[in-house]
Amino acid sequence: MQIVRQLGPLREALGVIRKTKRKLGLVPTMGALHAGHMHLVETAMAQCDGVVASIFVNPTQFGEGEDLDAYPRQETADAALLEGAGVDLVWTPTVDQVYPDGFATNVSVTGVSAGLCGGSRPGHFDGVATVVAKLFNQIRPDAAFFGEKDYQQLAVIRRMARDLDFTHDIVGVPTVRDADGLALSSRNAYLTPEQRGQAVALPDTMRDAAKSIAKGGDIASILDEAQAKLLASGFHNVDYFELRNAETLENMTVFAKPARLLAAAHIGSTRLIDNIAVA
Ligand code: PAF
């Protein structure tokens, strides 16, 4: 497995890989890999002939006061996991390879990026769309794999790919969860053991709310009660707990399929997000 940090060697390495691998998959990551990422890699390996994983902690998607500096970095361990999984190449560019001197371009997706994480993290999805567009151009994959855990991000990337004529597949991969239901996330590493115990209230509350909505309960009261339950369970702030159309991400006040519950809440200094289908 090659680990490449500069664009010149990347192009050479991709040229060699392309000679023998017909369908190339890309798994973009910010590192600190866990079983959720490895599930993306396994899915890519199963659907493609060759797989490139990128590791880049993208500064433009972190807002002021967010955890850019503290974001977990563990390149040696990540590389070992990716090599074990059979990845062909790891693209872990230096910042100047992604944002060269004088970089002045911004990819901004409206609509699906409004509200939810787009509301509580202004500029976040511009940073995501810009870096993902760059990764698509740098790697030119036939398919790119993203976790449904970041559901709004996936919607933003799908919209961006359609709008900018990226023709490769965008594959959404279901969320991997711990045995108690907490969605795997690099940020779970920040939780103290006590907070980790409390964090399970997030998937539990979402599951209960989804069941009540599907049974025809009053949506506004269910969402209010869910937020109150989170606050009573150790979360100190709920950024959002909302029901949206699963495709357009438009707000939903009357239940109709496809529907998705999406939530973000803070426990200690950690912000957790999750989403589930309401069926
Ligand atoms: O989901 C992530 O890890 C990041 O947002 C991504 C897609 C790699 C872009 O930096």
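Residues numbered from 1 in each chain as written. Predicted model: local features only at pLDDT ≥ 70, side-chain atom pairs only at ≥ 80, totals over all residues. Heavy atoms only, no water.

(A) Broad picture of the packing of helix α2 (residues 35-47) against helix α3 (residues 75-85). α3 packs onto α2 with a crossing angle of 30 degrees between their chain directions and a minimal axis gap of 10 Å. With respect to their mutual orientation, α2 and α3 come out roughly parallel. In the crossing of α2 with α3, the sense of the turn from one axis to the other is right-handed. Where α2 abuts α3, its residues M38, V41 and M45 lie against L81, L82 and A85. Tallied by class, residues from the contact of α2 with α3 come to six nonpolar, no polar and no charged. (Axes fitted to C-alpha atoms, helices over the stretch in contact; angles between N-to-C directions. Helix = DSSP H or I, 4+ residues; strand = E, 2+ residues; numbered from the N terminus. Parallel < 35°, antiparallel > 145°, perpendicular 65-115°, else oblique. Left-handed = near helix turned anticlockwise from the far one by under 90°. Contact = heavy atoms within 4.5 Å. Nonpolar A, V, L, I, M, F, W, Y, C, P; charged D, E, K, R; others polar.)

(B) Up close: the sheet that holds strand β9 (residues 270-278). Taken together, the three strands give an open sheet; going across it, the order is β7-β8-β9, and neighbouring strands pair in antiparallel fashion. Each end of this open sheet is capped by a strand with a single partner; those strands are β7 (237-245) and β9. Strand-to-strand, the axes of this sheet are offset by a mean angle of 10 degrees, without reference to chain direction. Direction of pairing for β7 relative to strand β8 (residues 259-267): antiparallel, over a ladder of eight bridges. Looking at the pairing, N237 lines up with H266 of β8. Along the sheet, helix α10 (residues 219-232) contacts β7 and β8; its crossing angle with β7, the most-contacted strand, is approximately 150 degrees. (Pairing = 2+ DSSP bridges.)

(C) Quick peek at the packing of aromatic side chains. If you walk through the whole model with that rule in mind, you get five aromatic pairs. Seen from their ring centres, F56 and Y99 are 6.3 Å apart, and the 45 degrees between their planes marks the pair as tilted. Taken together, the positions of F56 in the loop between β3 (50-55) and α3 and Y99 in the loop between α4 (95-98) and α5 (116-120) put the pair 43 residues apart, joining distant regions of the chain. There is no split in this pair, since F56 and Y99 are both buried. Their ring planes at 75 degrees and their centres at 5.2 Å tell us that F136 and F166 sit as a pair that is edge-to-face. Of this pair, F136 sits in helix α6 (residues 124-139) while F166 sits in the loop between α7 (151-163) and β6 (169-173), placing them 30 residues apart in sequence. (Phe/Tyr/Trp six-rings, centres within 6.5 Å; stacked < 30°, edge-to-face > 60°. Buried < 20%, exposed > 50% of the residue type's maximum accessible area, 1.4 Å probe, protein only.)

(D) Layout of the nonpolar core. Counting residues in each nonpolar core, the largest one holds 45 residues, and the members touching the most others are W91, F136 and M160. In terms of residue count, α6 provides more of this core than any other element does, nine residues in total. Apart from residues lying up to four places away in sequence, M160 is in contact with V107, V109, A129, V132, A133, F136 and F166. Among the nonpolar cores identified, the runner-up in size contains 27 residues, and L182, A209, I213 and I219 belong to it. (Core = buried A, V, L, I, M, F, W, Y, C linked by side-chain atoms within 4.5 Å.)

(E) Inspection of the sheet that holds strand β2 (residues 24-29) at higher detail. Across the sheet, which stays open at both edges, the six strands sit in the order β1-β4-β3-β2-β5-β6 with parallel pairing between neighbours. Sheet topology places β1 (2-4) and β6 at the edges, where each strand pairs with a single neighbour. Along the sheet, successive strands turn relative to each other by an average axial angle of 25 degrees, direction set aside. Sheet topology note: the β1/strand β4 (residues 89-91) ladder contains three bridges and is parallel.

(F) Looking closely at the confidence of the model for the chain. Taken over all residues, the pLDDT of the chain has a mean of 97, while the share at 70 or more is 100%. For the chain, α5 is the element with the lowest average pLDDT, namely 96, and strand β5 (residues 143-147) is the one with the highest, namely 99. (pLDDT = per-residue confidence, 0-100.)

(G) Main features of the packing of α6 against α7. Contact geometry of α6 with α7 gives a least axis separation of 10 Å together with a crossing angle of 55 degrees. Classified by the angle their axes make, α6 and α7 are oblique. By crossing handedness, the relation of α6 to α7 is classed as right-handed. Taking contact as the criterion, the partners of F125, V128, A129, V132, A133 and F136 in α6 are, on α7, Q152, Q153, V156, I157 and M160.

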